[in-house]
Amino acid sequence: MSSAVNITLPQEIILAEPRGFCAGVDRAIEIVDRALQKFGRPIYVRHEIVHNTYVVNDLKARGAIFIEELDDVPPGATLVFSAHGVSQAIQKEAERRGFQIFDATCPLVTKVHVEVAKLHKEGYEFIMIGHKGHPEVEGTMGQLESGIHLVEDVADVAKVQPSQTTKLAVVTQTTLSVDDAADITAAVVARFPLIKKPKMQDICYATQNRQDAVKVMSPQVDIVIVVGSPTSSNSNRLREVAKKLGTESYMVDNAEELQAEWFEGRSRVGLTAGASAPEILVKAVIDRIKALGAVSVRKMDGIEETVKFPLPKGLKLDT
């Protein structure tokens, strides 16, 4: 810590509400947890169950093996699909190989998959707003063999070439920035005025709530810290939301990544966590900021989330 005179140190931590785990993440982790308890180790999981280093390492230590290719799963094994969802090709191949499958796809992602399948039968093509290479985008685009076109930003909208425009629908990745998605959707509608939009927006309630909380919090603080892993889309978006509002913001995977100089001259620290970041990491970050000088922690008022998703059949534990 610097010994220079008159350097302001953090005094207060303001906690965003809501923050951290959402219902889809809770459900996905519980599916792996119950599978381990019921069937024993190892349990195979295609892709990281959720995008958080701590969660993945914790489950690895308890017997989960994370794979990308089905070739790495032995015959007769139990396989869990991650919260991000999978393509039809992977779903069918896993069934053909006879694995015992539990699908931890977030129900809000599944809702998008169902809508794509339904409208495809009616002859629709799709514009998908999302990040290339993200497993959720690969899973959603993989619901169809063709006729789904990815746009990542407003500039992409001018380049996209659907084979027809009379039956066109738009879908989005569930973890995007609400504002960015709105801007890109507006560009899509401007180019394709007849395009069908979802009855309800695809961006999930938890992503929206966490971004809204950061929008309220950012003007009240000198710096925003987001707890989340680099691969977490929704965590990255939280940092961007704060930055766009002019508040210095950093994302950390854990408390060890915090740097003392970030807090010099900043008395009020805003703290939030992505939907896949556990509260244990938030507590460790609070402790570290307190060690740098913060003396109080205040929780913002915010939406209380009560959503809970049911588990797949076959995971009831014997009592």
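Scroll up a little and you will see the structure.
Residues numbered from 1 in each chain as written. Predicted model: local features only at pLDDT ≥ 70, side-chain atom pairs only at ≥ 80, totals over all residues. Heavy atoms only, no water.

*Asks:* I'd like a description of a negative patch on the surface, backed by residues and values.
*Replies:* Together, E68, E69, D72 and E138 make up a region of like negative charge exposed at the surface. On the secondary structure map, E69 appears in the loop between β3 (64-67) and β4 (78-81). (Patch = residues over 30% accessible without salt bridge, like charges linked within 9 Å, V, L, I, M, F, W, Y side chains within 5 Å. Areas by Shrake-Rupley, 256 points an atom, 1.4 Å probe, with all protein chains shown as cover. Salt bridge = Lys/Arg side-chain N within 4 Å of Asp/Glu carboxyl O. Lys, Arg positive; Asp, Glu negative; His and termini not counted. Charge placed at Lys NZ, Arg CZ, Asp CG, Glu CD. Helix = DSSP H or I, 4+ residues; strand = E, 2+ residues; numbered from the N terminus.)

*Asks:* Which residues make up the pairing of strand β6 (residues 125-129), and what values go with them?
*Replies:* Burial runs high along β6: five of the five residues are buried. Of the two faces of β6, the one lined by E125, I127 and I129 and the one lined by F126 and M128 are each fully buried. Of the pairings in the sheet, the one linking β6 to strand β8 (residues 168-172) comprises five bridges and is parallel in character. Counted as the bridge partner of I127 is V170 from β8. Of the strand pairs in this sheet, β6 and strand β7 (residues 148-151) are connected by four bridges, and their pairing is parallel. (Buried < 20%, exposed > 50% of the residue type's maximum accessible area, 1.4 Å probe, protein only. Pairing = 2+ DSSP bridges.)

*Asks:* Explain the side chain of S276 residue by residue, including any values.
*Replies:* With respect to the helices and strands, S276 occurs in the loop between β11 (268-273) and α10 (279-291). Its relative accessible area of 4% is what places S276 among the buried residues. A polar atom in the side chain of S276 sits 3.2 Å from the backbone oxygen of H51. (Polar contact = N/O pair within 3.5 Å; in protein donor to acceptor, adjacent residues only side chain to side chain.)

*Asks:* With reference to specific residues and values, describe the nonpolar core.
*Replies:* Soluble globular proteins tend to pack their nonpolar side chains together in the buried interior. If you look at the biggest cluster of nonpolar residues, it comprises 30 residues, and the most contacted ones within it are V32, V45, I49, V50, L59, F66 and V80. Taken together, the elements giving at least two residues each to this core come down to α1 (23-39), β2 (43-46), α2 (53-61), β3 and α4 (107-121). Counting residues per element, this core draws most heavily on α1, at eight residues. Not counting residues up to four positions away in its chain, the partners in contact with V50 are V25, A28, I29, V55, V56, A83, H84 and S276. By size, the runner-up hydrophobic cluster in this structure holds 21 residues, among which are A255, F263, V285 and I289. (Core = buried A, V, L, I, M, F, W, Y, C linked by side-chain atoms within 4.5 Å. Contact = heavy atoms within 4.5 Å.)

*Asks:* I'd like a rundown of the side chain of T175, residues and numbers included.
*Replies:* Mapped onto the fold, T175 is located in the loop between β8 and α7 (178-191). Looking at T175, its side chain comes within polar contact range of the side chain of S233, at 3.2 Å. If we ignore the near neighbours within four places in the chain, the residues touching T175 are E136, T207, S233, N234 and R237.

*Asks:* Give a description of the sheet that holds β6 that names residues and reports values.
*Replies:* Taken together, the three strands give an open sheet; going across it, the order is β7-β6-β8, and neighbouring strands pair in parallel fashion. Every other strand in the sheet has two partners, leaving β7 and β8 as the edge strands with one partner each. For this sheet, the mean angle separating the axes of adjacent strands, direction not counted, is 25°. Contacts from α4 reach β6 and β8 within the one sheet, and its direction differs from that of β8 by about 170°. (Axes fitted to C-alpha atoms, helices over the stretch in contact; angles between N-to-C directions.)

*Asks:* Give a detailed account of α2, specifying residues and quantitative values.
*Replies:* Within the span of α2, buried status applies to V55, V56 and L59. On an axial view of α2, the arc spanned by its buried residues comes to 95°, and they lie on one face. Its buried side turned inward, α2 meets α1 and β3. The backbone nitrogen of Y54 lies 3.1 Å from a side-chain oxygen of the residue at the head of α2, namely N52. (Arc of directions from axis to C-beta.)

*Asks:* Pulling in residues and values, what's your account of the packing of helix α8 (residues 205-217) against helix α9 (residues 233-244)?
*Replies:* α9 packs onto α8 with a crossing angle of 25° between their chain directions and a minimal axis gap of 9 Å. It follows that α8 is roughly parallel to α9 by the angle criterion. Handedness of the crossing formed by α8 with α9: right-handed. In this structure, α8 uses T207, R210, Q211, V214 and K215 to contact α9, whose residues at the interface are N234, R237, L238, V241 and A242. When its residues are assigned to classes, the contact of α8 with α9 shows four nonpolar, three polar and three charged. (Parallel < 35°, antiparallel > 145°, perpendicular 65-115°, else oblique. Left-handed = near helix turned anticlockwise from the far one by under 90°. Nonpolar A, V, L, I, M, F, W, Y, C, P; charged D, E, K, R; others polar.)

So far we have only geometry, and geometry alone does not tell us how the molecule works.
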